[in-house]
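Overview (structure and organization)
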Amino acid sequence: MSKVKDGDLDKLGLLFERYKKPLFGFFYGMNKDAALCEDLVQNVFLRILKYRYLFRGDGDFKTWIFHIARNVNHDHFRKIKWKWKDDLDLWKDRLSNHENRDTEFRQEEEMQMLSMALERLPEDKREILLLSKYQDKKYREIGDILGCTEGAVKVKVFRALQELKEVYKKLEKQF
Amino acid sequence: MEQKYIQRLIDLYNTGQESEADRQELEQLIESGIVSLQDIKAFDAVDQQLMEMKTPEPSKNLDARFYEMLSQEKRKREPTFLKIFFSWREVGPKLALASVALVLGLIAGYFLHSSTPPDHQVESLSRQVADLREMMILSWLEKGSTTERLKAVNLTQEMTNASVKVTNALIQTLNEDENVNVRLAALDALKPYVSDSLVREALVRAIGKQQSPLVQISLAELMVALQEKSAVKEFEKIIESGRAPAEVKKKISESIQVLI
């Protein structure tokens, strides 16, 4: 990133290749709209280009890029006054696509159920679990992104996992 | 706090028998770092699933848009001729080029004052300059940065008649360059040479090697313009592979309809 900051823009291509998938995964976990996620990934790199002079180089680049990703996501949904759909019929529709599959697809169904449970979490809890996943559970770095202590991050993860487990169990009973 | 007491709290939580007060106490222990999240076995299954959860891959469209944005930004930052000439990082190669030009000038001066006919001297000088330019283009295409490779491809378009070496280098760039914009520029630069059957064959073979939707569509348009029926098989392979996005498949199908 330091080279990009110094004007070697070709190096941004390397950063793009390295981070496009984790960023896409983070956005996909947050909103489940692949086309929108591509727009948001593009916006992240647009901001990096625009504000590259602000990169201080004293911290982890991955932390910085996820900090930007989080802002891009918040800005987007604030702009369109987006409201999360919490419609049970929607879950049933999604799951019904998988109902006829045999037991060999059981694992895939569990993943589908987990994805649904994740979608039903409040945004802040969904976000902390996705950051934990894509930041490889580096809680101090996640604290830098969120502006809180490492201990506070661990408690947030604890509460989010607890709620995820509860929602998952409820979904299991429903379907 | 005793280790036994802490372990009992963790066990209560893992077996789902904890009270609200136990849970709050556990949270405090986690916050202070005394208890690790990994000790909470009740989360093992869901946490592991979360880590293994796969997400779809972004499409090639994202790559195309990003590299287009990057090349636009680079074009905006393209320095002026004077800045390039006087910048210290660039001054070495420029100085070398200027020296070569000076030597060529001296040679030209020598020949102009010698007894050989003037037409022959000018022709010889032009050939040397063309050779020098060709060498520079080939070197940039092979080892240059993205900007230099783009410049090299653009320089070939200024040539009245490029040599086989240059067309081969352009074909290689079209097939192998990592940057979509450079590949697209190479395709444009090859258009004046489509009357050469070897170039046409290479373009048909290039269809199967392209992953970028933009290049695939440009090739499809060119093949239609050339009425190159031998391209149909290559296009069919792309459709059958199932890797191409829907818009590309549609465009290729239309092109096949025109060609057959």
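The rules behind the values
- Residues numbered from 1 in each chain as written.
- Chains lettered and ligands numbered in written order.
- Predicted model: local features only at pLDDT ≥ 70, side-chain atom pairs only at ≥ 80, totals over all residues.
- Helix = DSSP H or I, 4+ residues; strand = E, 2+ residues; numbered from the N terminus.
- Contact = placed C-beta atoms within 7 Å.
- pLDDT = per-residue confidence, 0-100.
- Axes fitted to C-alpha atoms, helices over the stretch in contact; angles between N-to-C directions.
- Parallel < 35°, antiparallel > 145°, perpendicular 65-115°, else oblique.
- Left-handed = near helix turned anticlockwise from the far one by under 90°.
- Nonpolar A, V, L, I, M, F, W, Y, C, P; charged D, E, K, R; others polar.
- Core = buried A, V, L, I, M, F, W, Y, C linked by C-beta atoms within 7 Å.
- Buried ≥ 20, exposed ≤ 12 C-beta atoms within 10 Å, placed from the backbone.
- Domains from an automatic or database assignment.
- Expected span 1.5 Å × (residues − 1).
- Arc of directions from axis to C-beta.

To continue, consider the overall build of chain A. Of the regular secondary structure elements, chain A holds 9 helices and 0 strands. Shown N-terminal to C-terminal, the secondary structure of chain A runs as helices and strands in the order α-α-α-α-α-α-α-α-α. The long-range share in chain A, meaning contacts at least 24 apart out of those at least 6 apart in sequence, stands at 63%.

On to the overall build of chain B. When you go through chain B residue by residue, the secondary structure sums to 14 helices and 0 strands. Reading the secondary structure of chain B in the N-to-C direction produces α-α-α-α-α-α-α-α-α-α-α-α-α-α. Look at the contacts in chain B between residues 6 or more apart in sequence, and 59% of them connect residues 24 or more apart.

All names here are of chain B. Per-residue confidence for chain B averages 83 on the pLDDT scale, and 91% of its residues sit at or above 70. The lowest-confidence element of chain B is helix α5 (residues 81-86), averaging 56 in pLDDT; the highest-confidence one is helix α2 (residues 20-31), averaging 90. Both confidence scores are given for the complex: pTM 0.50, ipTM 0.70.

What follows deals with the packing of helix α9 (residues 150-174) of chain A against α2(B). At a minimum axis separation of 8 Å, α9(A) and α2(B) run at an interaxial angle of 140°. Put simply, α9(A) runs oblique to α2(B). α2(B) is crossed by α9(A), and the crossing has right-handed handedness. Residues A:G151, A:A152, A:K154, A:V155 and A:F158 of α9(A) lie in contact with α2(B), whose contacting residues are B:E27, B:I30 and B:E31. In terms of residue class, the contact of α9(A) with α2(B) is made up of 4 nonpolar, 1 polar and 3 charged.

Ranked by internal contacts, the top residues of the largest apolar core, which has 85 residues, are A:F27, A:V41, A:V44, B:L170, B:A186, B:L190 and B:L219. Counting residues per element, this core draws most heavily on helix α2 (residues 10-31) of chain A, at 9 residues. The two domains that each donate at least three residues to this core are domain 1 (2-79) and domain 2 (88-174) of chain A. Contact partners of B:L170, with chain neighbours within four places excluded, come to B:V153, B:T156, B:A186, B:A189 and B:L190.

Another point: the interface of chain A and chain B. Counting residues at the interface gives 34 residues for chain A, matched by 28 residues for chain B. Residue assignment for the side of chain A that touches chain B shows that the elements contributing at least two residues are α2, α3 (34-50), α6 (106-120), α7 (123-134) and α9 of chain A. When the residues that make up the side of chain A that touches chain B are grouped by side-chain class, the tally is 20 nonpolar, 6 polar and 8 charged.

On to α2(B). The terminal C-alpha atoms of α2(B) lie 17 Å apart, and with 12 residues this matches the ideal 16 Å at 1.5 Å per residue to within 8%. Of the residues trailing α2(B), B:G33 is marked for its positive phi of about 85°.

The subject of this paragraph is helix α8 (residues 139-146) of chain A. All names here are of chain A. What α8 keeps buried is the set Y139, E141, I142 and I145. Burial along α8 is one-sided: seen end-on, the buried residues are contained in an arc of 155°. Residue G147 follows α8 closely and has a positive phi angle near 75°.

All names here are of chain B. Mapped onto the fold, Y110 is located in helix α6 (residues 88-112). Look at Y110 and you get exposed, because 10 C-beta atoms sit within 10 Å. Taking the C-alpha atoms as reference, Y110 lies 9.7 Å from Q121; in sequence the two are 11 residues apart.

Let's shift gears to the environment of B:E221. By secondary structure assignment, the location of B:E221 is in helix α12 (residues 213-226). Once the C-alpha coordinates of B:E221 and B:K251 are considered, the two residues, 30 residues apart in sequence, prove to be 8.7 Å apart.

A separate point is the environment of B:A189. All names here are of chain B. Along the chain, A189 turns up in helix α10 (residues 180-190). In sequence terms A189 and I171 are 18 residues apart; their C-alpha atoms lie 9.7 Å from each other. Leave out the neighbours within four places in its chain, and A189 touches V153, T156, Q157 and L170.

Residue and element names in this part refer to chain A. For chain A, mean pLDDT is 80; residues scoring 70 or higher make up 81% of the total. Of all the helices and strands in chain A, helix α5 (residues 88-99) carries the lowest mean pLDDT, 49, while α7 carries the highest, 90. Every residue in residues 82-91 scores below 50 in pLDDT, and together they form 4 contacts with partners more than four places removed in sequence or on other chains.

Once that is clear, we can look at unusual backbone geometry. Glycine aside, the phi torsion of most residues is negative, and most peptide linkages are trans. For A:K137, which is not glycine, the phi dihedral falls at a positive 60°. Inspection of the secondary structure puts A:K137 in the loop between α7 and α8. Positive phi, close to 55°, is recorded for B:Q227, a residue that is not glycine. Assignment of secondary structure puts B:Q227 in the loop between α12 and α13 (231-241).

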